[in-house]
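Chain and residue survey
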Amino acid sequence: MPYLMGLDISTTSAKALIIDHTGGVIAVANSPQPISQPQPLWSEQDPVDWWEGMVKSIRAALAESGLRGEDISAIGLTGQMHGLVLLDKQGEALRPAILWNDQRTGAQCDFMTETIGAQRLLELTGNPALTGFTAPKILWARDNEPDVYAAAAQVLLPKDYIRYKLTGVYATDLAGASGTSLLNVAERAWSQDVLDALDIPAAWMPPVHEGTEVTSRISAAAAAATGLSAGAPVVGGGGDQAAGAIGMGCVKPEVIGVTVGTSGVVFAPLSSYAYEPEGRLHAFCHAAPDTWHFMGVMLSAAGSLQWYKDTFAADMDYDSLLAEAAAVPAGSEGLFFLPYLTGERSPHPDPLARGAFIGITSRHSRGHMTRAVLEGVAFGLKDSFTLIDQVGLPEQYEVRISGGGAKSPVWQQIIADVLGAPLVNVNTTEGGAFGAAILASVAAGAFDDVASACAAMIQTGQSVTVGENAAIYAERYGIYQSLYPTLQQTFARL
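I will try to describe carefully the structure that is included in this document. On a predicted model such as this, the values are computed, not experimentally measured, just so you know. (Residues numbered from 1 in each chain as written. Predicted model: local features only at pLDDT ≥ 70, side-chain atom pairs only at ≥ 80, totals over all residues. Heavy atoms only, no water.)

1. Points about helix α6 (residues 158–167)
Where burial is concerned, most of α6 is hidden: nine out of the 10 residues are buried. Among all positions of α6, only P158, K159, D160, Y161, I162, R163, Y164, L166 and T167 are buried. Positive backbone phi, approximately 75°, marks G168, located one or two places after α6. (Buried < 20%, exposed > 50% of the residue type's maximum accessible area, 1.4 Å probe, protein only. Helix = DSSP H or I, 4+ residues; strand = E, 2+ residues; numbered from the N terminus.)

Structure (structure tokens):
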């Protein structure tokens, strides 16, 4: 039976994961990745660092597993979305990659909206023009680095640069391409209308593939560098959130995913294309073939708790800190926390939004403040969940939860009570790399489709039922919803 490899180039590390056909994790290796912020609002990485890190991780995973390169039947790719890698005609990077969390492109987003029209852009791409997306980064290079732009011959996403180095082939997947603002998401093809309007050459864009489709094969040079076998198939894979959802088994509309990582994500698969009329949800192609998804993203979920602990309780461990929160009544006795520490995306696409504690009195303790952070993040997830519900949730659905923040029983209970929905844990903890390996398993012939692969490899575990505090949180959520509109102009003035 086959062994599968999932490769994940995230913002922080290059990961290589090996699983067997049952979903058992055989080996995992990570190589940390440096990041550069050469100017305010800028965020960049060197693609050469990605490749060096991935070579190191692949070799380490093979060594840990005791497997040979020829034992790996197929390789799946995932990684950070939206980043811009510009290559010249020789396939060399022309400048550092501009990342998903780079915020320099506000003027270019305005240009896109004015040129194409806000409603037309939504209809075609499923999303408004956002600073994190790829298209405005291309326009920024044209406006600010004309020499670089003039030498450009190819646009790639971060994981697809790894694909190119592995195979010598330019290709991308539909889930990742959805985050460029250049894909006709309904038709699952590059939008010639958008490319023409922005005067971006279609020849720069790589061919698009479904997540399970073989795009290319390991080259002799890459085999020598990594220890993989020349000719091994590399599949389309998916952007990090889509691959992560595959790793949770979120492939049908009846299974909703909630991820509490540094950011927070609510992921809802769709059997046909739809978009949220005001663009408050992302509408993307899924990594599962012929499937789409809605996605709500809050930028500071577990990141809010990490900031809070590092700033106010650096000498405490998380268990002790959360034990204090567990002793505080639901609602934190009138204390609220807005988790907009790095701006916000869903449902408020506002880079100027700021975090806040609201309602502090002399009665409130550290435990109250900790619980308010947990509740504020849960309310932020509820914002996205509510938008998806308004567009249309299935009559019966299951909510699966993952991510570092999901390890806390206290926080899981708060999230279940705030959402008003039971939460189901899954047996996988490796995120997007695991999902990428599942996609590879279909290409390797181990399973007929993604749904059957997920059913075989992913087991659900402990569930968290909705508790007695749900009614309290339903009332408090209305107050939470009123806070951003009240403070929006103040945030802008600040």
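Picking up after the structure, the text goes on.
2. Some words on the nonpolar core
If you look at soluble globular proteins, the nonpolar side chains tend to sit buried side by side. With 90 residues, the main nonpolar core has L182, L198, V260 and I415 as its most contacted residues. The greatest single-element share of this core, amounting to 10 residues, is contributed by helix α13 (residues 366–392). Aside from chain neighbours lying at most four places away, what touches L198 is F111, M112, I116, A135, L139, R142 and L182. One finds I75, A97, L228 and V234 within the second-largest nonpolar core, a separate group that totals 34 residues. (Core = buried A, V, L, I, M, F, W, Y, C linked by side-chain atoms within 4.5 Å. Contact = heavy atoms within 4.5 Å.)

3. Focus on the pattern of salt bridges
Applying the stated criterion across every chain yields a total of 20 salt bridges. With its nearest N and O atoms 2.8 Å apart, the salt bridge here joins D102 to R104. By relative accessible area, D102 is classed as buried at 0%. R400 is the salt-bridge partner of E398, the closest N and O atoms lying 2.6 Å from each other. With relative accessibility at 28%, the residue E398 sits in the partly exposed group. The class of R400 is buried, set by a relative accessible area of 13%. Among the ionic contacts, a cluster of salt bridges with common partners joins E44, R95, D102, R104 and E145. (Salt bridge = Lys/Arg side-chain N within 4 Å of Asp/Glu carboxyl O.)

4. Focus on the side chain of T105
By secondary structure assignment, the location of T105 is in the loop between β7 (97–98) and α2 (106–116). For T105, a relative accessible area of 0% corresponds to the buried category.

5. A short note on the packing of helix α10 (residues 240–248) against helix α15 (residues 431–443)
Two quantities define a packed helix pair, namely the angle between the helix axes and the distance between the axes. Interhelical geometry of α10 versus α15 gives an angle of 75° and a closest axis separation of 7 Å. The orientation of α10 relative to α15 falls into the category roughly perpendicular. Taken together, the residues of α15 that come into contact with α10 (itself represented by D240, A243, G244, I246 and G247) are G431, G432, F434, G435, A436, I438 and L439. Counted by class, the contact of α10 with α15 contains six nonpolar, five polar and one charged residues. (Axes fitted to C-alpha atoms, helices over the stretch in contact; angles between N-to-C directions. Parallel < 35°, antiparallel > 145°, perpendicular 65-115°, else oblique. Nonpolar A, V, L, I, M, F, W, Y, C, P; charged D, E, K, R; others polar.)

6. Thoughts on the pairing of strand β5 (residues 72–79)
Among the eight residues that make up β5, seven are buried, leaving the element largely enclosed by the rest of the structure. Bridge count between strand β1 (residues 3–9) and β5: seven bridges; the pairing is parallel. What sits directly across from D8, in β5, is T78. (Pairing = 2+ DSSP bridges.)

7. A short note on helix α11 (residues 302–312)
A302, G303, S304, L305, Y308 and K309 are the residues of α11 that are buried. Looking at the buried side of α11, the elements it contacts are β16 (255–260), α12 (318–326), β20 (336–338), β21 (356–358), α13 and α14 (409–419).

8. Observations regarding the sheet that holds strand β22 (residues 398–402)
In spatial order, the strands read β18-β19-β17-β16-β22-β23-β24; together these seven strands make up an open sheet with mixed pairing. With partners counted over all chains shown, the strands left at the sheet margins are β18 (282–285) and β24 (460–464), one partner each. Recorded for the sheet is a direction-independent mean angle of 30° between the axes of neighbouring strands. Taken together, the four bridges between β16 and strand β17 (residues 264–270) define a ladder with antiparallel strand orientation. Within the sheet, the bridge partner assigned to V258 lies in β17 and is V266. Strands in contact with α10 are β16, β17, β19 (292–298), β22 and β23 (423–426); relative to β17, the strand with the most contacts, it is inclined by about 75°. Running at roughly 140° to β23, α14 makes contact with β16, β22, β23 and β24 of the sheet.

9. A look at the side chain of T226
Tracing the chain through its elements places T226 in helix α9 (residues 220–226). Given a relative accessible area of 0%, T226 falls into the buried group. Engagement of the side chain of T226 in a polar contact is seen with the backbone oxygen of A222, the distance being 2.8 Å. Separated by 3.1 Å, the side chain of T226 and the backbone nitrogen of L228 make a polar contact. Once residues lying within four places of it in the same chain are set aside, the contact partners of T226 are W51, V55, I58, R59, L62 and L166. (Polar contact = N/O pair within 3.5 Å; in protein donor to acceptor, adjacent residues only side chain to side chain.)

10. Here's the deal with the pairing of strand β3 (residues 25–32)
With seven bridges joining them, strand β2 (residues 13–20) and β3 adopt antiparallel strand pairing. Following the sheet pairing, I18 is matched in β3 by A27. In textbook terms, the turn of a hairpin is the stretch between consecutive antiparallel strands, and for β2 and β3 this stretch comprises four residues, one of which, G23, has a positive phi near 95°.

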